[in-house]
Amino acid sequence: MEKEVRGLTADLTDIRSRYDAAVKARNLGNEDDLIVKLCDLQAQICMTKRRNAVIDEECKRIRAENLKLSSDLAAQRQKLDKYKYQDTTEENRAIFRQGLLEAIAEIRKLYDEDTSKFRSEMESWYSKQVIEIRTSSRLAADASNTKNLDAEISKYRQLLEGEENRTHGRVISTASHSFDSGAQSSNYLIFPGFPSRYLKTVPVSGVHVRSSAMRRVTAANRMEGQRSAQGNVSILDVAPDGSSITIENTSVSHDEMIGEWRLRSFGGGRDVSFNFPRGFVLTPKSKVTVYARGKGVYAPPHSLVFEAEDSFATGGDVHTYLYNDENQVRTQPLYADQ
């Protein structure tokens with residue numbers, strides 16, 4: 001009995017050692033790869049079955065379509081066999097020929113109608129294009145003429161305003177001397193300096209005006225009212241106290257680039273020049289006032305401040321010029337009498 005137990009124990013030990021060796025030799029990674037391959041094969045099998053089902057459905061559809069085509073073909077053959085045995089006399093041929101000619105005539109009529117419609121549309125489009133081109137050319141010419149007319153009107157207006165101011169000054173100055181010399185002896189005064197058709201008499205009894213005061217009025221009127229320019233930019237106003245100078249663009253349609261232009265005011269022993277900023281634009285019918293330091297606010301493009309000077313030139317003999325960026329005079333001088 002003991003001998004059998006020892007034998008069984010030895011066998012058990014041998015089996016256990018073999019089992020341990022088999023467990024050690026086992027590769028879990030290979031099992032995972034095999035499982036993955038198995039899953040892939042199962043997926044491919046399912047996909048193949050699905051494709052086979054789709055192919056079977058397509059085959060059924062094709063068979064049904066073939067049956068329908070076969071049926072239609074048989075019906076057409078029956079019709080052909082029916083027409084094969086119809087009468088082919090000259091009368092039937094004439095009827096067929098007449099029908100064919102009518103069909104051709106109808107096709108030609110439709111073609112002519114479409115061609116005529118297309119030709120009319122093309123002619124209409126061409127006429128519109130010609131009119132637009134002519135209108136554009138005329139508008140361009142009108143714009144050029146308008147620009148030239150603006151320049152001419154500006155020049156004539158400057159001449160008229162200058163003449164008006166000069167005449168106004170002469171009238172007031174002459175009137176002041178007449179008041180001093182003849183106010184006590186005459187009830188009426190004739191203003192010299194006017195054309196004969198504009199001569200008027202005005203009552204002067206009880207009026208006493210000094211010549212120096214009238215000259216100051218004349219100077220103020222010239223400083224405030226006279227404008228003169230060679231182009232669209234003009235000097236609109238020069239403050240008598242030298243606090244500001246106003247520039248105006250008289251054009252109604254064109255911008256004026258006055259960047260780097262120079263505004264010069266000299267007289268009374270002073271010569272003051274102000275340069276406009278680069279790129280400064282004066283829009284149509286707009287004004288810009290240049291203030292001396294402390295005399296106004298800086299609010300471009302409507303107002304600028306000349307920080308270098310606390311006033312422009314002042315006095316009785318002050319001249320104001322405007323030069324462009326090429327140092328050419330763009331306005332005639334504004335001046336005041338002594």
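Residues numbered from 1 in each chain as written. Predicted model: local features only at pLDDT ≥ 70, side-chain atom pairs only at ≥ 80, totals over all residues. Heavy atoms only, no water.

Asks: For the side chain of Ser-251, give the residues involved together with the corresponding values.
Replies: Secondary-structure assignment places Ser-251 in the loop between β4 (244-249) and β5 (256-257). Ser-251 sits in the buried class, given a relative accessible area of 1%. (Helix = DSSP H or I, 4+ residues; strand = E, 2+ residues; numbered from the N terminus. Buried < 20%, exposed > 50% of the residue type's maximum accessible area, 1.4 Å probe, protein only.)

Asks: Which residues make up the pairing of strand β3 (residues 233-238), and what values do they have?
Replies: Counting buried positions along β3 gives 5 out of 6 residues, so the element sits mostly inside the fold. Where β3 and β4 come together, 5 bridges link them in antiparallel fashion. Across the sheet, the residue bridging to Ile-235 is Ile-247, located in β4. In this antiparallel pair of consecutive strands, β3 and β4, the connection spans 5 residues, and Gly-242 shows a positive phi of 75 degrees. (Pairing = 2+ DSSP bridges.)

Asks: Talk me through the sheet that holds strand β7 (residues 270-275); I want residue IDs and the actual numbers.
Replies: Read from one edge of the open sheet, 3 strands run β7-β6-β11, paired in antiparallel fashion. Two strands in the sheet have a free side with no partner beyond their single neighbour: β7 and β11 (319-323). Between one strand and the next, the sheet's axes are offset by a mean angle of 15 degrees, whatever the strand orientation. Across 5 bridges, the pairing between strand β6 (residues 262-267) and β11 is antiparallel. Following the sheet pairing, Ser-265 is matched in β11 by Thr-320. (Axes fitted to C-alpha atoms, helices over the stretch in contact; angles between N-to-C directions.)

Asks: Could you give an account of the environment of Asn-327, with specific residues and numbers?
Replies: By the element assignment, Asn-327 lies in the segment after β11. In this structure the side chain of Asn-327 is engaged in a polar contact, spanning 3.0 Å, whose partner is the side chain of Arg-262. (Polar contact = N/O pair within 3.5 Å; in protein donor to acceptor, adjacent residues only side chain to side chain.)

Asks: Go over the sheet that holds strand β9 (residues 287-292) with me, naming the residues and quoting the values.
Replies: Across the sheet, 4 strands lie side by side as β3-β4-β9-β10; this open sheet has mixed pairing. Edge positions in the sheet fall to β3 and β10 (303-306), since each has one partner strand and no second. Strand-to-strand twist of the sheet, defined as the mean angle between neighbouring strand axes without regard to direction, takes the value 25 degrees. Pairing geometry for β4 and β9, over 5 bridges, is antiparallel. By the bridge assignment for β9, Thr-246 is matched with Thr-289.

Asks: Could you give an account of unusual backbone geometry, with specific residues and numbers?
Replies: Note the cis peptide between Pro-300 and Pro-301, where omega equals 5 degrees. Position of Pro-301 relative to the elements: it lies in the loop between β9 and β10. Unlike most non-glycine residues, Asn-327 shows phi in positive territory, near 65 degrees.

Asks: An account of the confidence of the model for the protein chain is requested, with residue identities and associated values reported.
Replies: Model confidence for the protein chain is summarised by a mean pLDDT of 76, while 73% of its residues fall at 70 or above. The least confident element of the protein chain is strand β1 (residues 188-190), whose mean pLDDT is 39; the most confident is β9, at 95. Contacts of residues 170-229 to residues separated by more than four positions or lying in other chains number 93 contacts, the stretch itself having pLDDT below 50. (pLDDT = per-residue confidence, 0-100. Contact = heavy atoms within 4.5 Å.)

Asks: If you had to explain the nonpolar core to someone new, which residues and values would you point to?
Replies: Where a protein is soluble and globular, its nonpolar side chains tend to be buried together. Grouped together as the largest cluster of nonpolar side chains are 19 residues, with contacts concentrated most on Ile-247, Leu-263, Phe-274, Phe-276 and Leu-322. When contributions to this core are tallied by element, the ones reaching two or more residues are β3, β4, β7, β9 and β10. Ranked by residue count, the leading element in this core is β3, at 3 residues. Beyond its immediate chain neighbours, meaning those up to four positions away, Leu-263 contacts Ile-235, Ile-245, Ile-247, Val-272, Ser-273, Phe-274, Phe-276, Val-290, Thr-320, Tyr-321 and Leu-322. (Core = buried A, V, L, I, M, F, W, Y, C linked by side-chain atoms within 4.5 Å.)

Asks: Could you give an account of the packing of aromatic side chains, naming the residues involved and the relevant values?
Replies: Evaluated as defined, the whole model comprises 6 aromatic pairs. Between Phe-274 and Phe-276, the ring centres sit 5.3 Å apart and the planes meet at 75 degrees, which makes this aromatic pair edge-to-face. Since its relative accessible area comes to 7%, Phe-274 is described here as buried. Taking relative accessible area as the criterion, Phe-276 reaches 2% and is therefore assigned buried. Among the aromatic residues, those joined into a ring-pair cluster are Phe-274, Phe-276, Phe-280, Phe-306 and Phe-312. The aromatic ring of Tyr-323 is capped on one face by Arg-262, whose charged end is 4.3 Å from the ring centroid. Directly above the ring of Phe-266 sits Arg-264, whose terminal nitrogen or CZ lies 4.3 Å from the centroid. (Phe/Tyr/Trp six-rings, centres within 6.5 Å; stacked < 30°, edge-to-face > 60°. Lys NZ or Arg CZ within 6 Å of the ring centre and 35° of its normal.)

Asks: Residue-level account of the pattern of salt bridges, with values.
Replies: Tallied over the entire structure, the rule returns 7 salt bridges. The salt bridge involving Glu-260 is made with Arg-278; its shortest N-O contact spans 2.7 Å. Here Glu-260 is found in the loop between β5 and β6, whereas its partner Arg-278 is found in the loop between β7 and β8 (281-282), with 18 residues between them in sequence. Owing to a relative accessible area of 38%, Glu-260 belongs among the partly exposed residues under this scheme. A salt bridge links Arg-270 to Glu-309; the shortest N-O distance between them is 2.9 Å. Of this pair, Arg-270 sits in strand β7 while Glu-309 sits in the loop between β10 and β11, placing them 39 residues apart in sequence. By relative accessible area, Arg-270 is classed as partly exposed at 27%. For Glu-309, a relative accessible area of 26% gives the class partly exposed. In this structure, a network of salt bridges that share partners links the residues Glu-58, Arg-61 and Glu-65. (Salt bridge = Lys/Arg side-chain N within 4 Å of Asp/Glu carboxyl O.)

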